[in-house]
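Close look at the chain arrangement
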Amino acid sequence: MQYLSEVLKIIEGGLQLDKDKIISYSKLLSENLAIQGDTGSSTRIINKINNIKTNNLFTQDLSIKPIPIDQESKSSLADEKYFTQNVEVYLDDHITIDIQNFIKYVKASDQLLKDGVGISPSMLIYGPPGCGKTELAHYIASQLKLPLIVSRSDTLISSYLGSTAKNIRQLFEYVNSRPCILFLDEFDSLAKVRDDHNELGELKRVVVSLLQNIDALDSYTILLAATNHEHLLDPAVWRRFNFKLNITLPNDETRSKIINKYSHGFIDEKNNILLSIASDGLSGSEIKNIIENNIRNKIVNNYEKINLRDTIIDLFKASNNQIDTSEISVIKHLRAVNPKYFTYEVISEIFNYSVGKISNLLK
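Report follows, based on the coordinates. (Residues numbered from 1 in each chain as written. Predicted model: local features only at pLDDT ≥ 70, side-chain atom pairs only at ≥ 80, totals over all residues. Heavy atoms only, no water.)

Below, the discussion takes up the environment of R335. Assignment of secondary structure puts R335 in helix α15 (residues 327-337). A C-alpha to C-alpha distance of 8.7 Å links R335 and I347, two positions twelve residues apart in sequence. Not counting the four nearest positions on each side in its chain, R335 is found in contact with F342, T343, Y344, I347 and L362. Side-chain polar atoms of R335 contact the backbone oxygen of P339, separated by 3.4 Å. (Helix = DSSP H or I, 4+ residues; strand = E, 2+ residues; numbered from the N terminus. Contact = heavy atoms within 4.5 Å. Polar contact = N/O pair within 3.5 Å; in protein donor to acceptor, adjacent residues only side chain to side chain.)

What follows is the structure in structure tokens.
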């Protein structure tokens, strides 16, 4: 049966007297029917929702309840994001395959339920900063056409005893009541290993609360979590995620795609190859910032094209984190990285030196 998961959620909401769950999943069912071309059924569902009269279950306000707040700071526990257009993300091919499998798994929930196979769509995303973990969450939300509920660690973690566990419970109860994706960013702030003797007992209780709420999470609700410090996570946390995705630094091909995306046509194919090689060891975020900075410099100074020399030096500074950024150091680095592409002639053209001088420098 198509849309079985939505129907089951509506039934569940009715049995639990949960108005928000009934309304939100009824609206999702209406939207899916409209997408499939059954506008008549879609309209009838919306009309039924709008025509509901006040009784002991519903009130006149049929809007979805707001995201809960921290009682002490009065700040929202999460932010809600919608993506009306597909989000682009640039990751290595083997990572992309795992992501597509996860999305396919979620989209096949009706068939899985029909065949009696439970679903628990959860993914733990980890890796170095700037490699696209947050963008990946945006991409998944855009592909599944669901709102993304992004937790706010600064609000979830309260200075008041017991309030953090309460905040976690409120947030999980909220996402259980509607179709959405819960994204726990900076996950290590909530899920630190419990045998860390430097942590207070209260923070250890937070991990227990987190585990309990993940276990109680509806099997239809999509859970994503991201961290730059996977070594800090409690071992029990890992077992709660069916999918575990390690996003590594981008390879040559992925770096080339990132450069092409953010160069806005100002970098030709030849220079793209050179820059993708020179950016080895950098994250996608670092490459994006350096490329865009050099394009801004080109535009502001009315240059005919970007300054390839300056861009390569900037990439060298970022990837090697060295104080010595002299041209000699950069030239030696380029030759060591890939002498096939960074020939004496190419280096000579980039740095405006004669081939003979390049040869002498490298000696």
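To continue, consider helix α4 (residues 93-107). Since one α-helical turn is 3.6 residues long, residues separated by three or four positions face the same way. Compared with the 21 Å implied by 1.5 Å per residue over 15 residues, the 21 Å span of α4 between its first and last C-alpha is a close match. As for α4, its buried residues are in contact with α5 (109-114), β2 (122-126), α6 (133-144), β5 (222-227) and β6 (243-246). (Expected span 1.5 Å × (residues − 1).)

Moving on to the side chain of S276. Tracing the sequence through the fold places S276 in helix α12 (residues 269-278). Take S276: its relative accessible area is 5%, and that puts it in the buried class. (Buried < 20%, exposed > 50% of the residue type's maximum accessible area, 1.4 Å probe, protein only.)

Turning to the packing of aromatic side chains, a few remarks are in order. The relative placement of two aromatic rings is captured by the distance of their centres and the angle of their planes. As enumerated under the stated definition, the model contains four aromatic pairs in all. With a centroid separation of 5.0 Å and an interplanar angle of 80 degrees, the aromatic rings of F102 and F243 are classed as edge-to-face. One end of the pair, F102, is in helix α4; the other, F243, is in strand β6, with 141 residues separating them in the sequence. You can call F102 buried: its relative accessible area is 0%. Taking relative accessible area as the criterion, F243 reaches 22% and is therefore assigned partly exposed. Put simply, the rings of F102, Y105 and F243 pair up and form one aromatic cluster. (Phe/Tyr/Trp six-rings, centres within 6.5 Å; stacked < 30°, edge-to-face > 60°.)

Turning to the pattern of salt bridges, a few remarks are in order. Applying the stated criterion across every chain yields a total of twelve salt bridges. For R240, the salt bridge goes to D215, with nearest N and O atoms at 2.9 Å. In this pair, R240 is assigned in the loop between α10 (235-238) and β6 and D215 in helix α9 (residues 201-216), connecting sequence segments 25 residues apart. For R240, a relative accessible area of 22% corresponds to the partly exposed category. For E253, the salt bridge goes to K257, with nearest N and O atoms at 3.8 Å. Here E253 and its partner K257 are both found in helix α11 (residues 252-263), four residues apart, which amounts to about one turn of the helix. The network of salt bridges with shared partners includes D79, R152 and D154. (Salt bridge = Lys/Arg side-chain N within 4 Å of Asp/Glu carboxyl O.)

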